Amino acid sequence: MTKSVTITARITPELANKLVAYAKATKRTRSWVLQDMLKRYVDRELAFAEAFNVGIRELTKPKRTPDRAVRQARAHIEKRKRQKRRTA
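All figures in this text were calculated on a predicted structure; none of them were measured in a lab.

Caption draft 1: Spatial organisation of the packing of aromatic side chains. If you walk through the whole model with that rule in mind, you get one aromatic pair. Measuring from centroid to centroid gives 6.2 Å for Phe48 and Phe52, while their planes differ by 25°, and the two rings are stacked. Taken together, the positions of Phe48 and Phe52, both in helix H2 (residues 30–60) and four residues apart, correspond to about one turn of that helix. Given the relative accessible area of 48%, Phe52 is considered partly exposed. Above the face of the Trp32 ring, Arg28 is positioned so that its terminal group lies 4.1 Å from the ring centre.

In structure tokens, the structure reads:
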């Protein structure tokens, strides 16, 4: 069995009653129920935080314009310059 750490938390009497009722309904100890719920909650929140941070990094990463788009823009500019020279 792995080592455990004791934590202390204050909860409302209503939540304590729900915890006891859930533990009885699932035939588990309150400790097991709390550990399972905390693990699932923390795992989900960590996954969200990691995804959020990846998104932030992607948003702040310098954008690179695709080569094709640059070539098209330059071709368009050159075309406009030629048109201007013809009309001038």
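Caption draft 2: Main features of the layout of surface pockets. Roughly 790 Å³ of internal volume is contained in the largest pocket. Together, 21 residues line the largest pocket, and Ile7, Ser31, Leu34, Gln35 and Leu38 are the ones closest to its centre. Sorting the residues of the lining of the largest pocket by element identifies helix H1 (13–26) and H2 as the ones contributing at least two each. In terms of residue count, the dominant contributor to the lining of the largest pocket is H2 (six residues).

Caption draft 3: Examining the packing of H1 against H2 more closely. For the pair H1 and H2, interaxial distance at closest approach is 9 Å and the crossing angle is 100°. Overall, the two elements H1 and H2 adopt an arrangement that is roughly perpendicular. In this structure, H1 uses Leu19, Val20, Tyr22, Ala23 and Thr26 to contact H2, whose residues at the interface are Arg30, Val33, Leu34 and Met37. Classifying every residue of the contact of H1 with H2 by side-chain character gives seven nonpolar, one polar and one charged.

Caption draft 4: Just a positive patch on the surface, in detail. A cluster of basic residues, Lys79, Arg80, Arg82, Lys84, Arg85 and Arg86, forms a positive patch on the protein surface. By the secondary structure assignment, Lys84 is in helix H3 (residues 67–87).

Caption draft 5: The pattern of salt bridges, seen in detail. Going through the model one piece at a time under the given rule, you end up with four salt bridges. Measuring nitrogen to oxygen at the nearest pair gives 3.8 Å for the salt bridge that ties Glu78 to Lys81. Taken together, the positions of Glu78 and Lys81, both in helix H3 and three residues apart, correspond to about one turn of that helix.

Calculation criteria
- Residues numbered from 1 in each chain as written.
- Predicted model: local features only at pLDDT ≥ 70, side-chain atom pairs only at ≥ 80, totals over all residues.
- Heavy atoms only, no water.
- Phe/Tyr/Trp six-rings, centres within 6.5 Å; stacked < 30°, edge-to-face > 60°.
- Helix = DSSP H or I, 4+ residues; strand = E, 2+ residues; numbered from the N terminus.
- Buried < 20%, exposed > 50% of the residue type's maximum accessible area, 1.4 Å probe, protein only.
- Lys NZ or Arg CZ within 6 Å of the ring centre and 35° of its normal.
- 1 Å grid on protein atoms, 1.4 Å probe; cavity = no way out; pocket = protein on both sides within 12 Å on 5 of 7 lines; lining within 4 Å.
- Points joined across faces, edges and corners; volume = space filled by probe spheres on them.
- Axes fitted to C-alpha atoms, helices over the stretch in contact; angles between N-to-C directions.
- Parallel < 35°, antiparallel > 145°, perpendicular 65-115°, else oblique.
- Contact = heavy atoms within 4.5 Å.
- Nonpolar A, V, L, I, M, F, W, Y, C, P; charged D, E, K, R; others polar.
- Patch = residues over 30% accessible without salt bridge, like charges linked within 9 Å, V, L, I, M, F, W, Y side chains within 5 Å.
- Areas by Shrake-Rupley, 256 points an atom, 1.4 Å probe, with all protein chains shown as cover.
- Salt bridge = Lys/Arg side-chain N within 4 Å of Asp/Glu carboxyl O.
- Lys, Arg positive; Asp, Glu negative; His and termini not counted.
- Charge placed at Lys NZ, Arg CZ, Asp CG, Glu CD.

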